[in-house]
Amino acid sequence: MALLALQEVSIGFRGPPLLDGVSFQIDPGERVCLLGRNGTGKTTLLRLIQGRVDPDEGEITRQQGLRTTLLDQEVPADIHGTVFDVVAGGLGQRAQLLTEYHHASSRLAIDGGRRWRDELDRLGHELEIQGGWLMHQEVETVLSRMDLDPDAETGVLSAGMKRRVLLARSLAGRPDILLLDEPTNHLDIEAVAWLEEFLLRHGGTLLFVTHDRMLLRRLATRIFDLDRGNLHGWACDYEMFLQRKEAALAAEAQQQALFDKRLAQEEVWIRRGIMARRTRNEGRVRALEAMRKLRAQRRERPGEVRMQTQQAQRSGRMVIEAKGVRFGYADAPVVDGLSTTILRGDRVGIIGPNGSGKTTLLRVLLGGLRPQQGTLRHGTNLEIAYFDQLQAQLDPEKTVRENVSDGADTLSINGCRRHVIGYLEDFLFTTEQAASPVKYLSGGEHNRLLLARLFAKPSNLLVLDEPTNDLDIETLELLEELLLDYPGTLLLVSHDREFLNNVVTSTLVLEGGGRVKEYAGGYDDWLAQRKPAAAEPVRVENEPPQGPRRERPKPDGPRRLKYMEQRELEALPEKIEVLEAERERLHAAMAEPAFYQQPPAAVVEATARLKTLDGELAVLYDRWEELEGRV
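Values in this document were obtained by computation on a predicted structure and should not be read as measured data.

How should I be thinking about the overall build of the protein chain in this particular structure?
For the protein chain, the helix and strand inventory stands at 20 helices and 22 strands. Within the protein chain, the fraction of its 631 residues that count as buried is 45%. Long-range contacts, defined as pairs at least 24 residues apart, comprise 69% of the intrachain contacts of the protein chain with a sequence gap of at least 6. Put simply, the protein chain shows about 33,400 Å² of open surface, and 49% of that area lies on carbon and sulfur atoms.

For this particular structure, what's the right way to read the pairing of strand β3 (residues 31–35)?
For a regular strand, side-chain orientation follows a simple rule: the groups alternate between the two sheet faces. With respect to burial, β3 is a largely interior element, five of its five residues being buried. Because side chains alternate across β3, one face comprises the buried residues Arg-31, Cys-33 and Leu-35, and the other comprises Val-32 and Leu-34, equally buried. Note: β3 against strand β8 (residues 222–227), four bridges, orientation parallel. Bridging from a neighbouring strand, Leu-35 pairs with Asp-225 of β8.

Any chance you could explain helix α11 (residues 358–366) here in plain terms?
It helps to recall that an α-helix has 3.6 residues per turn; residues three or four apart then point in one direction. Across the nine residues of α11, seven count as buried, placing the element largely inside the fold. Listing the buried residues of α11 in full gives Lys-358, Thr-360, Leu-361, Leu-362, Val-364, Leu-365 and Leu-366. Of the residues trailing α11, Gly-367 is marked for its positive phi of about 90°.

Explanation requested: the sheet that holds strand β19 (residues 461–465) in the structure shown.
In a beta sheet, neighbouring strands are held together by backbone hydrogen bonds and run either parallel or antiparallel to one another. If you trace the six strands from one edge of the open sheet to the other, you get β15-β19-β20-β13-β21-β22, paired in mixed fashion. The sheet is open, and its two edges are formed by β15 (384–387) and β22 (516–520), each paired on a single side. Going across the sheet, the axis of each strand differs from the next one's by a mean of 15°, ignoring polarity. Pairing geometry for β19 and strand β20 (residues 489–493), over five bridges, is parallel. In the strand pairing of β20, Leu-464 is matched with Leu-492.

Looking at this model, I keep getting lost on the environment of Glu-30. Mind explaining?
One can find Glu-30 in the loop between β2 (19–26) and β3. C-alpha of Glu-30 to C-alpha of Gly-203: the two residues are 173 residues apart in sequence and 8.9 Å apart in space. Among the polar contacts made by the side chain of Glu-30, one reaches the side chain of Arg-222 at a distance of 3.1 Å.

Would you mind going over a negative patch on the surface with me for this structure?
Where like charges cluster on the molecular surface, the negative patch consists of Glu-8, Asp-20, Asp-56 and Glu-57. When you line up the elements, Asp-20 lands in strand β2.

Looking at this model, I keep getting lost on the packing of aromatic side chains. Mind explaining?
Evaluated as defined, the whole model comprises seven aromatic pairs. Clustering of aromatic rings is evident, with ring pairs tying together Trp-234, Tyr-238 and Phe-241. A cation over a ring is seen here: Arg-448 above Phe-429, with NZ or CZ 5.2 Å from the ring centre. One residue, Arg-530, lies across the ring of Trp-526, its end atom 4.6 Å from the ring centre.

When you look at the sheet that holds β8 in this model, what are you seeing that I'm missing?
In spatial order, the strands read β5-β6-β7-β3-β8-β9; together these six strands make up an open sheet with mixed pairing. The strands lining the two open edges of the sheet, one partner per strand, are β5 (68–71) and β9 (230–234). On average, each strand axis in the sheet is inclined to that of its neighbour by 20°, with strand direction left out of account.

I tried to follow the side chain of Arg-244 on my own but got confused; where do I start?
Note on placement: Arg-244 falls in helix α9 (residues 238–272). Residues within four places of Arg-244 in sequence aside, it is in contact with Trp-234, Ala-235, Cys-236, His-587, Met-590 and Leu-610.

How should I be thinking about the pattern of salt bridges in this particular structure?
Where charged atoms from two side chains of opposite charge approach closely, those side chains can pair. Counted by the stated rule, this structure contains 26 salt bridges. Here Asp-227 and Arg-228 are joined by a salt bridge, their closest N and O atoms 2.9 Å apart. Linked through salt bridges whose partners overlap, the residues forming this network are Glu-196, Glu-197, Asp-212, Arg-218 and Arg-497.

Can you help me understand the environment of Leu-91 in this one?
The residue Leu-91 is located in the loop between α2 (83–88) and α3 (95–111) in this model. In sequence terms Leu-91 and Gly-173 are 82 residues apart; their C-alpha atoms lie 6.0 Å from each other. Residues within four places of Leu-91 in sequence aside, it is in contact with Leu-98, Met-135, Val-139, Ala-172 and Gly-173.

I keep staring at unusual backbone geometry and nothing clicks. Help me out?
Trans peptide bonds make up the majority, and among non-glycine residues the majority have a negative phi. In this model, Asn-381 sits at a positive phi of 60°, which is unusual for a non-glycine residue. Mapped onto the secondary structure, Asn-381 falls in the loop between β14 (373–378) and β15. At Leu-428, a position not held by glycine, the phi torsion is positive, near 70°. Relative to the helices and strands, Leu-428 resides in the loop between α13 (420–425) and α14 (431–434).

I keep staring at helix α7 (residues 189–202) and nothing clicks. Help me out?
Given a rise of 1.5 Å per residue, 14 residues ought to cover 20 Å, and the 20 Å separating the end C-alpha atoms of α7 matches this to within 8%. Within α7 the residues assigned to the buried category are Ile-189, Ala-191, Val-192, Leu-195, Glu-196, Phe-198, Leu-199, Leu-200 and His-202. Measuring from the side-chain oxygen of the N-cap residue of α7 to the backbone nitrogen of Glu-190 gives 3.2 Å; that N-cap residue is Asp-188. At the C-terminal side of α7, Gly-203 shows a positive phi close to 75°.

Conventions adopted
Residues numbered from 1 in each chain as written. Predicted model: local features only at pLDDT ≥ 70, side-chain atom pairs only at ≥ 80, totals over all residues. Heavy atoms only, no water. Helix = DSSP H or I, 4+ residues; strand = E, 2+ residues; numbered from the N terminus. Buried < 20%, exposed > 50% of the residue type's maximum accessible area, 1.4 Å probe, protein only. Contact = heavy atoms within 4.5 Å. Areas by Shrake-Rupley, 256 points an atom, 1.4 Å probe, with all protein chains shown as cover. Pairing = 2+ DSSP bridges. Axes fitted to C-alpha atoms, helices over the stretch in contact; angles between N-to-C directions. Polar contact = N/O pair within 3.5 Å; in protein donor to acceptor, adjacent residues only side chain to side chain. Patch = residues over 30% accessible without salt bridge, like charges linked within 9 Å, V, L, I, M, F, W, Y side chains within 5 Å. Salt bridge = Lys/Arg side-chain N within 4 Å of Asp/Glu carboxyl O. Lys, Arg positive; Asp, Glu negative; His and termini not counted. Charge placed at Lys NZ, Arg CZ, Asp CG, Glu CD. Phe/Tyr/Trp six-rings, centres within 6.5 Å; stacked < 30°, edge-to-face > 60°. Lys NZ or Arg CZ within 6 Å of the ring centre and 35° of its normal. Expected span 1.5 Å × (residues − 1).

As structure tokens, then:
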């Protein structure tokens, strides 16, 4: 039975509806990833499910007693109190009592004394009356699982640890559906890897929004794609989703081209005049009016960001050379004994935990901070473009246009004059947004504006400090392609593991104590080259641990098949062929846009059948291989 179902749900604020007749359901144990461009309504959909907003139309059906919690995209600025206070705060009216009991318990452990013992007895009795012991145990269990100190002050924790505390708060209420909105934003690589492993072990039902493709690949069992107010479900992995979506968009474009051609023909006919007032002509006029209405209602696919870098004069072959460089604050070195040479055309990634000094390392390499020991040398003809993760280069009170062009009407892009409005449209900013102050932009729009400002200036050394936060996957992949074609030198700080894998040729890793070690390749190459750590295999929550596996005795040689096994082997190719043909028919049907205009039950039934076919085929292939191996 479905935990949650949406039936023909619509909601909008200004302009076209964000959700336009959306229908789907979520079943127990599913891990659903919600994809879509920035601004398409992903966060709004999560808030609808959570109950924070109500739909304009349609119905949301929840299983009786359904509990949902939402981990928001941004960490609240006013978060304070101990970790226990924050986590217990998600448990409603008993939160205050749980907090008082924990504080009394802590004071008794520190001070002792009759006063705290009596207070603890009183609060314990109150907890028993209100049935709060189970909740207290749940909070302590979650804190233990997530390795959090209950008495630590939340306000002084790093952004990554605060996000972990908020996740613990979400889990303490034992939600039936956990809603996560960009949970990896601003987390370092270690925290992202921890979150991925934790959610794999969690075993609960998830609906999450992410731009982290590696997390998406490992975690999602199903994909929802929100596009122009419509939501399509895909029961497949990310690679297959990309192929099917491309096929669906191609089919949609073909259908629209045929429709537009027919509409143009009818417009020619109506302009020539109706030769006779016959019924069929009146019907044709009515059909033309209906076609015009359909064309006016069509929502075009939003354009893609069009980015290009400006070519500067070629730099010298040697870009940066560091020998024995040391820099630190007080007695804590950030960089100690760094020696490296960065040559023209190198693409260098910088990896390290939050607070380890990645931005400081960048400033040292660029000469913004003078080394306390060692020597630093720059090559000739360097023109540097710097993407600042803190967005300090943007004036929030100035307009989008003013931040890019400094008040000028035109920009010089690779020797060609372009109007600033046309240039901003390449980064998906409308004319209205170009005239609006920067402070009203979303996180993704802020980053797009920084990229627009960055690429408006010539450079041969591109420095990007966390450029991927808040960007949707499509823009992220376009930025990847741009950087791969960039003829200059690149320094990149990022926690996006796949982005690093796809872009950089080497990595500098801050390993603590001022040690900075250089590795060839990207994130996966770093994992393979560093000292291997003993890692436990991922185990689903509540799954019993497995004991040592006993090896089966292997036969001395191949044994002959029994008669029934021989008949089974002969029949397997035909069975596989039948199932593969059915699977191909389903794939072809699901690639057609009309497929998703059926009743939701039919779509769910088809996707479930596709999943069953994949499982049956896997079993048959294994059996065929086993029997063939015995022959």
